[in-house]
Amino acid sequence: MAKRILVVEDNDLNRKLFCDLLRAKGFEVEPVADGREAIDKTRLFMPHLVIMDIQLPNVSGIDLIEAIKADEELKAIPILAVTAYAGKGDEETIRAAGAEGYLAKPVSIGPFMVAVNALV
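Since the structure is predicted, the reported quantities are computational estimates derived from the model, not experimental observations.

Conventions we followed
Residues numbered from 1 in each chain as written. Predicted model: local features only at pLDDT ≥ 70, side-chain atom pairs only at ≥ 80, totals over all residues. Heavy atoms only, no water. Salt bridge = Lys/Arg side-chain N within 4 Å of Asp/Glu carboxyl O. Helix = DSSP H or I, 4+ residues; strand = E, 2+ residues; numbered from the N terminus. Buried < 20%, exposed > 50% of the residue type's maximum accessible area, 1.4 Å probe, protein only. Pairing = 2+ DSSP bridges. Axes fitted to C-alpha atoms, helices over the stretch in contact; angles between N-to-C directions. Contact = heavy atoms within 4.5 Å. Parallel < 35°, antiparallel > 145°, perpendicular 65-115°, else oblique. Nonpolar A, V, L, I, M, F, W, Y, C, P; charged D, E, K, R; others polar. Phe/Tyr/Trp six-rings, centres within 6.5 Å; stacked < 30°, edge-to-face > 60°. Core = buried A, V, L, I, M, F, W, Y, C linked by side-chain atoms within 4.5 Å.

Colleague: Before we move on, can you summarise the pattern of salt bridges with the specific residues and values?
Modeller: Opposite charge on two side chains makes pairing possible when the charged atoms of those side chains draw close. Scanning the entire structure with this criterion turns up ten salt bridges. Among the ionic pairs, Asp34 bridges to Arg36, the shortest N-O distance being 2.8 Å. In this structure, Glu100 and Lys69 form a salt bridge, with 2.7 Å as the shortest nitrogen-oxygen distance. Here Glu100 is found in the loop between α4 (90-97) and β5 (101-104), whereas its partner Lys69 is found in helix α3 (residues 61-70), with 31 residues between them in sequence. The exposure class assigned to Glu100 is partly exposed, which follows from its relative accessible area of 34%. For Lys69, a relative accessible area of 19% corresponds to the buried category. A single network of salt bridges, built from pairs that share partners, joins Glu9, Asp53 and Lys105.

Structure below.
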C-alpha cells in the first residue's frame, strides 16, 4: 500500500510540482490549497507525512504545525516544512513548533526527495 502524503501549499505551481513528483515516486497524495482545511484534511486522510508551506493566506503554517502536534490523534505524523521564509532563526522557530524536517524554497528535487524519504 502506498504511503500517503498531504501537501499543504497555496501556490498552485508548487503544489502541482510537489504532488506530481510524489505521485511519480509512488506516493498517494492529497493536495490542500487552503491552510484552513489542513487540520480536517489531515484527520480524514491520515497521512504518513504532511508537507507544510509556512506562508499561507488566512493561517500560519507554524500555527498549523502546532495544532497538529497538539492533537493526540495527529501528533505522531511527521511534518516537513517547506518555505521561502528562510531568514536567520526561522528554521529553529519552525522546528520548535514541531516540524521534523525543514527545506528552504526554491526546493531542488534531490534534497526534497531525500527529506521526504527520511520522514516516511
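Once you've had a look at it, read on.
Colleague: So what's going on with the sheet that holds strand β1 (residues 4-8)? Which residues, and what values?
Modeller: Spatially, β2-β1-β3-β4-β5 is the arrangement adopted by the five strands of the open sheet, whose pairing is parallel. This sheet does not close on itself; its edge strands, each paired only once, are β2 (28-32) and β5. Direction aside, the axes of adjacent strands within the sheet are offset by 15 degrees on average. Direction of pairing for strand β4 (residues 79-83) relative to β5: parallel, over a ladder of four bridges. Bridging from a neighbouring strand, Val82 pairs with Leu103 of β5. Sheet contacts for helix α1 (residues 12-24): β1, β2, β3 (49-53) and β4; angle to β2, the most-contacted strand, approximately 170 degrees.

Colleague: Pulling in residues and values, what's your account of the packing of α3 against α4?
Modeller: The relative placement of two packed helices comes down to the angle between their axes together with the axis-to-axis distance. Two elements in contact, α3 and α4, have axes whose closest approach is 8 Å; the angle formed by their N-to-C orientations is 30 degrees. Our classification of the angle between α3 and α4 gives roughly parallel. Across the interface between the two elements, Ile62, Ile65, Glu66 and Lys69 from α3 touch Thr93, Ile94 and Ala97 from α4. Tallied by class, the residues present in the contact of α3 with α4 amount to four nonpolar, one polar and two charged.

Colleague: How would you summarise the packing of aromatic side chains if you had to cite specific residues and measurements?
Modeller: Scanning all chains against the criterion turns up one aromatic pair. Each ring, one from Phe18 and one from Phe112, has its centre 4.9 Å from the other, and the planes form 10 degrees; the classification is stacked. Taken as a pair, Phe18 in helix α1 and Phe112 in helix α5 (residues 109-119) lie far apart in primary sequence, 94 residues in all. Like Phe18, the residue Phe112 is buried in the burial classification.

Colleague: Tell me about the nonpolar core, and please be specific about residues and values.
Modeller: By size, the foremost hydrophobic cluster in this structure holds 23 residues, and its most contacted members are Val8, Val50, Met52, Leu64, Ile65, Ile79 and Ile94. Counting residues per element, the ones that place at least two in this core are β1, α2 (38-45), β3, α3, β4 and α4. Ranked by the residues each element gives to this core, the list is headed by α3, at four residues. Ignoring sequence-local partners within four residues, the contact set of Val8 consists of Val32, Gly35, Ala38, Val50, Ile51, Met52, Asp53 and Leu56. One finds Leu21, Leu80, Val82 and Met113 within the second-largest nonpolar core, a separate group that totals 17 residues.

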